[in-house]
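Residues per chain are reported as follows:
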Amino acid sequence: MIYFDNSATTSIDKSVLQTFEKVSQSISGNPSSLHQLGDYADGLLQQSRKQIADLLHVMPEEIYFTSGGTEGDNWAIKGTAIEKRQFGKHIITTAVEHPAVKESVEQLKMLGFDVTILPVDHSGKISVSDLKEALRPDTILISVMAVNNEVGSIQPLTEIEEVLKDYPTVHFHVDAVQAIGKIPFSLGNSSRIDLATFSAHKFHGPKGIGFMYIKKGKKIAPLLSGGGQESGKRSGTENVAGVAAMAKALRLVLEKEKEKQKNQKEIKNYLMEQLEGYKKVSVFSQKEGAPHILCFALKGIRGEVMVHAFEKKDIYISTTSACSSRKGTTSSTLVAMNVPEKIATSAIRVSLTDTNTLEEAKVFMKEFDFLYQQFKDIK
């Protein structure tokens, strides 16, 4: 099997799974309980929090555990809106965000918030000057993803941070789900990022667990009320085994990070160079984009046809976003990039991880050439 759908989810690392199983079996207490079993569970929870914080060069009290990227995006956006609504109701985001961000701001629009959606260029990137012009005295939040999950475009976060140094009261949220371990991504004292979202299953951790970075001093309202876990910001009994496994997965993905990214970039560049030789192929990803995502189309052949054709060869890819592929909808990112709908419906995505090889890419191209010869005369 060749698995090229790592932006949808990665396989859990064997040693990470072992950690999950070990903790599940040996740590049975609730971290909120006063007895010794509760102390053991809470101790491991705080140890994992510190490990994650150290890896990202932030403070442990700035890390909050969630169920994953969708919850994190919802919390960052709606939590900011609730907390800061008395200061303004203007939010800025982009046309190429994950549905968790898009649908959150749509809900807020129904509640009277004003949303500016920034357009993108042909590569899927926003203009920093557009963002600067969109800022208003009542702007309370800017939400921009680090790496687009469909085409791999990298947003100009450093330039945005520079602009926002003059706007200290505006919360800056970054969906970093596709960034960690894939591109250089830093937080810490010098960063202007206030909120960042992460999901473990995107870096070989378990599904259903993630974390939020909330810069010290920045306030957002909780969405989940109850027992007051996570310093009162996110109630619910903590998934201790999931958290411990996630901390380990993060440590592993950041080991030899540059080497892993270089390997993925070589595979992506090989695929791009090969695909450029096919007349009926349109490539939407850029070479300077994230090293793990390549989006392209064989004109005239719907994306789902290609996905199932490769599946018969035991090669697994996707159309665009896993969150929208089953709905059969056209990629909103490609539409925002002004790709004609007829071509956008043919889009497929190859997404890599550190365990993929150049040999797998060569097998993929061999099968692609076979399919191309079958389909090339279809208009």
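Since this is a predicted model, take the numbers as computed values, not measurements.

(A) Seen up close, the pairing of strand β3 (residues 90-94). The element β3 is largely enclosed, with a buried count of five among its five residues. By the alternation rule, side chains of β3 split into His90, Ile92 and Thr94 and Ile91 and Thr93, which are all buried. Examined bridge by bridge, β3 and strand β4 (residues 114-118) share five bridges and lie parallel to one another. Bridged to threonine 94 within β4 is leucine 118. Regarding the hand of the β-α-β motif, the stretch spanning β3, helix α4 (residues 99-110) and β4 is right-handed. Sheet analysis places β3 next to strand β5 (residues 139-145), joined by three bridges and oriented parallel. Looking at the pairing, isoleucine 91 lines up with leucine 141 of β5.

(B) Structural view of the packing of aromatic side chains. Inspection of the entire model under this criterion finds nine aromatic pairs. Taken together, a centroid distance of 5.9 Å and an interplanar angle of 55° make the contact between phenylalanine 4 and phenylalanine 364 tilted. With phenylalanine 4 in the loop between β1 (2-3) and α1 (14-26) and phenylalanine 364 in helix α13 (residues 358-375), this residue pair connects regions lying 360 residues apart in the sequence. Both residues of the pair, phenylalanine 4 and phenylalanine 364, belong to the buried class. For the pair phenylalanine 198 and phenylalanine 211, a centre-to-centre distance of 4.4 Å together with 10° between the ring planes defines the contact as stacked. A residue pair is termed long-range when its members are at least 10 positions apart, and phenylalanine 198 in strand β7 (residues 195-199) and phenylalanine 211 in strand β8 (residues 210-214) qualify at 13 residues. For the residue pair phenylalanine 198 and phenylalanine 211, the accessibility class agrees, reading buried in each case. Through pairs of rings, three or more aromatic residues link up here, namely Tyr278, Phe296, Phe368 and Tyr372. Seen from the ring of phenylalanine 113, lysine 89 lies directly overhead, with NZ or CZ sitting 5.4 Å from the centre.

(C) The environment of isoleucine 209, seen in detail. Within the secondary structure layout, isoleucine 209 lies in the loop between β7 and β8. Residues isoleucine 209 and glycine 227 lie 18 residues apart in sequence; the distance between their C-alpha atoms is 19 Å. With residues up to four places along the chain from it excluded, the contact list for isoleucine 209 reads Thr66, Ser67, Gly68, Ser199, Ala200, Asn239, Gly242, Val243 and Met246.

(D) Representation of the pairing of strand β2 (residues 63-66). On β2, burial covers both faces: Ile63 and Phe65 on one face and Tyr64 and Thr66 on the other are all buried. Bridge analysis of β2 against β8 gives four bridges, and the strand direction is antiparallel. Paired with phenylalanine 65 across the two strands is phenylalanine 211, which belongs to β8.

(E) Quick look at α13. Spanning 18 residues, α13 covers 25 Å between terminal C-alpha atoms, matching the ideal 26 Å at 1.5 Å per step. What α13 keeps buried is the set Glu360, Ala361, Phe364, Met365, Glu367, Phe368, Leu371, Tyr372 and Phe375.

(F) Structural context of the layout of surface pockets. In this model, the largest pocket occupies a volume close to 490 Å³. In this structure, the largest pocket is lined by 26 residues; those nearest its centre are Ile154, Gln155, Thr158, Ile183 and Pro184. Ranked by residue count, the leading element in the lining of the largest pocket is helix α6 (residues 157-164), at four residues. Grouping the constituent residues of the lining of the largest pocket by class yields nine nonpolar, ten polar and seven charged.

(G) Spatial organisation of the pattern of salt bridges. Inspection of the entire model under this criterion finds 16 salt bridges. With a closest N to O distance of 2.8 Å, arginine 234 and glutamate 71 form a salt bridge. With arginine 234 in the loop between β8 and α7 (240-254) and glutamate 71 in helix α3 (residues 69-84), this pair connects stretches of sequence that are 163 residues apart. For the pair arginine 234 and glutamate 71, one class covers both residues: buried.

Scoring rules and cut-offs
Residues numbered from 1 in each chain as written. Predicted model: local features only at pLDDT ≥ 70, side-chain atom pairs only at ≥ 80, totals over all residues. Heavy atoms only, no water. Buried < 20%, exposed > 50% of the residue type's maximum accessible area, 1.4 Å probe, protein only. Helix = DSSP H or I, 4+ residues; strand = E, 2+ residues; numbered from the N terminus. Pairing = 2+ DSSP bridges. Right-handed = clockwise from strand over helix to strand, strands pointing away. Phe/Tyr/Trp six-rings, centres within 6.5 Å; stacked < 30°, edge-to-face > 60°. Lys NZ or Arg CZ within 6 Å of the ring centre and 35° of its normal. Contact = heavy atoms within 4.5 Å. Expected span 1.5 Å × (residues − 1). 1 Å grid on protein atoms, 1.4 Å probe; cavity = no way out; pocket = protein on both sides within 12 Å on 5 of 7 lines; lining within 4 Å. Points joined across faces, edges and corners; volume = space filled by probe spheres on them. Nonpolar A, V, L, I, M, F, W, Y, C, P; charged D, E, K, R; others polar. Salt bridge = Lys/Arg side-chain N within 4 Å of Asp/Glu carboxyl O.

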